[in-house]
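So you can see what is in the structure, the chains are spelled out below.
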Amino acid sequence: GQQVMQIPQYQHVQEGEDFTTYCNSSTTLSNIQWYKQRPGGHPVFLIQLVKSGEVKKQKRLTFQFGEAKKNSSLHITATQTTDVGTYFCAGTNAGNMLTFGGGTRLMVKP
Amino acid sequence: ETGVTQTPRHLVMGMTNKKSLKCEQHLGHNAMYWYKQSAKKPLELMFVYNFKEQTENNSVPSRFSPECPNSSHLFLHLHTLQPEDSALYLCASSQAGTFNNEQFFGPGTRLTVL
């Protein structure tokens, strides 16, 4: 079955440093989605990427979809304490099933 | 609010108890999901219902029994659980079969099995 892997599993950064999480799928995806789960909260949808090589920005967050539509990345510039949480990628396969990666837990030291 | 509600928010039960988790979505979606979230497996898909029909059952033990009486409501019936079943149980909904299939999650039920 489809597998979606995320690295790293955990990341500690100093406030102001950049952060990147990577997502890789075993199969070609029709779209990739990113979610954020704050501590004690539930996953909340951030963005969806559909086109090969697509790049989207949300303030300090930059999302990329690979040319082969099998990998993606989320980059946060100048992290803030409000960025703390777990970031999940989720890929949709040809059967329209959404599969979540294992998540990257981001911790920011003030 | 995400439009997906779950009750109860917290549940403590013994291994011989029977309880049910409830999920309701107010978004007009046609698909609903149960996930288990624990330290070992951050988001583990348990069941999927499309148009009230169960389409996925990811090798979940029979002590978990889902029920979807209509497209807005989803239940998870629990009986003779084990302590390792303690986790956060998340419900989600989406509009399956469409371009924008993002999932909307409820706040979850924190389950503790003694």
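This text goes with the structure placed above it.
Residues numbered from 1 in each chain as written. Chains lettered and ligands numbered in written order. Predicted model: local features only at pLDDT ≥ 70, side-chain atom pairs only at ≥ 80, totals over all residues. Heavy atoms only, no water.

A. Quick look at the environment of V13(A). Residues and elements named next belong to chain A. Mapping V13 onto the fold places it in strand β2 (residues 10-14). Owing to a relative accessible area of 4%, V13 belongs among the buried residues under this scheme. The spatial distance from the C-alpha of V13 to the C-alpha of F88 is 18 Å, given a sequence separation of 75 residues. Residues in contact with V13, not counting those within four places in the same chain, are D18, T79, L106, M107, V108 and K109. (Helix = DSSP H or I, 4+ residues; strand = E, 2+ residues; numbered from the N terminus. Buried < 20%, exposed > 50% of the residue type's maximum accessible area, 1.4 Å probe, protein only. Contact = heavy atoms within 4.5 Å.)

B. Layout of the interface of chain B and chain A. Each partner contributes residues to the interface: chain B has 21 residues there, and chain A has 17 residues. With both sides pooled, the region where chain B packs onto chain A buries about 1,500 Å², and carbon together with sulfur makes up 57% of that total. By the criterion of area lost to chain A, the three top residues of chain B are L43(B), N101(B) and F105(B), representing 31% of everything that side buries. If you look at where chain B meets chain A, you find zero salt bridges. The interface formed by chain B and chain A contains five residue pairs in polar contact (both at pLDDT 80 or more). Within the residue set of the side of chain B that touches chain A, elements represented by two or more residues are β4 (31-37), β5 (44-50) and β9 (87-94) of chain B. (Buried area = accessible area lost by both parts, 1.4 Å probe. Salt bridge = Lys/Arg side-chain N within 4 Å of Asp/Glu carboxyl O. Polar contact = N/O pair within 3.5 Å; in protein donor to acceptor, adjacent residues only side chain to side chain.)

C. Representation of the state of the cysteines in the model. This structure, assessed with the given rule, holds two disulfides over all chains. Residue C23(A) pairs covalently with C89(A) via a disulfide, S to S 2.0 Å. Residues C23(A) and C89(A) are joined through a disulfide that is right-handed, its torsion about the S-S bond being 75 degrees. Here C89(A) lies in strand β9 (residues 85-92) and C23(A) lies in strand β3 (residues 19-25), a separation of 66 residues in the sequence. The exposure classification of C23(A) matches that of C89(A), with both residues buried. Disulfide pairing places C23(B) opposite C91(B) at an S-S distance of 1.9 Å. Its S-S torsion of approximately -75 degrees makes the covalent link between C23(B) and C91(B) left-handed. Here C23(B), found in strand β3 (residues 18-25), pairs with C91(B), found in strand β9; they are 68 residues apart in sequence, far enough to count as distant. What makes C23(B) buried here is its relative accessible area of 0%. Free cysteine: C68(B), not disulfide-bonded; nearest cysteine sulfur from C91(B) at 9.1 Å. (Disulfide = S-S within 2.5 Å.)

D. Layout of the pattern of salt bridges. In total, this model carries four salt bridges over all chains according to the counting rule given. Two residues, K56(A) and E54(A), come together in a salt bridge whose shortest N-O distance is 3.8 Å. Judged by its relative accessible area of 16%, E54(A) is buried. The partner of E44(B) in a salt bridge is K41(B), and the shortest N-O contact between them spans 3.9 Å. Here E44(B) falls in the partly exposed class, since its relative accessible area comes to 26%. Overall, the relative accessible area of 47% leaves K41(B) in the partly exposed class.

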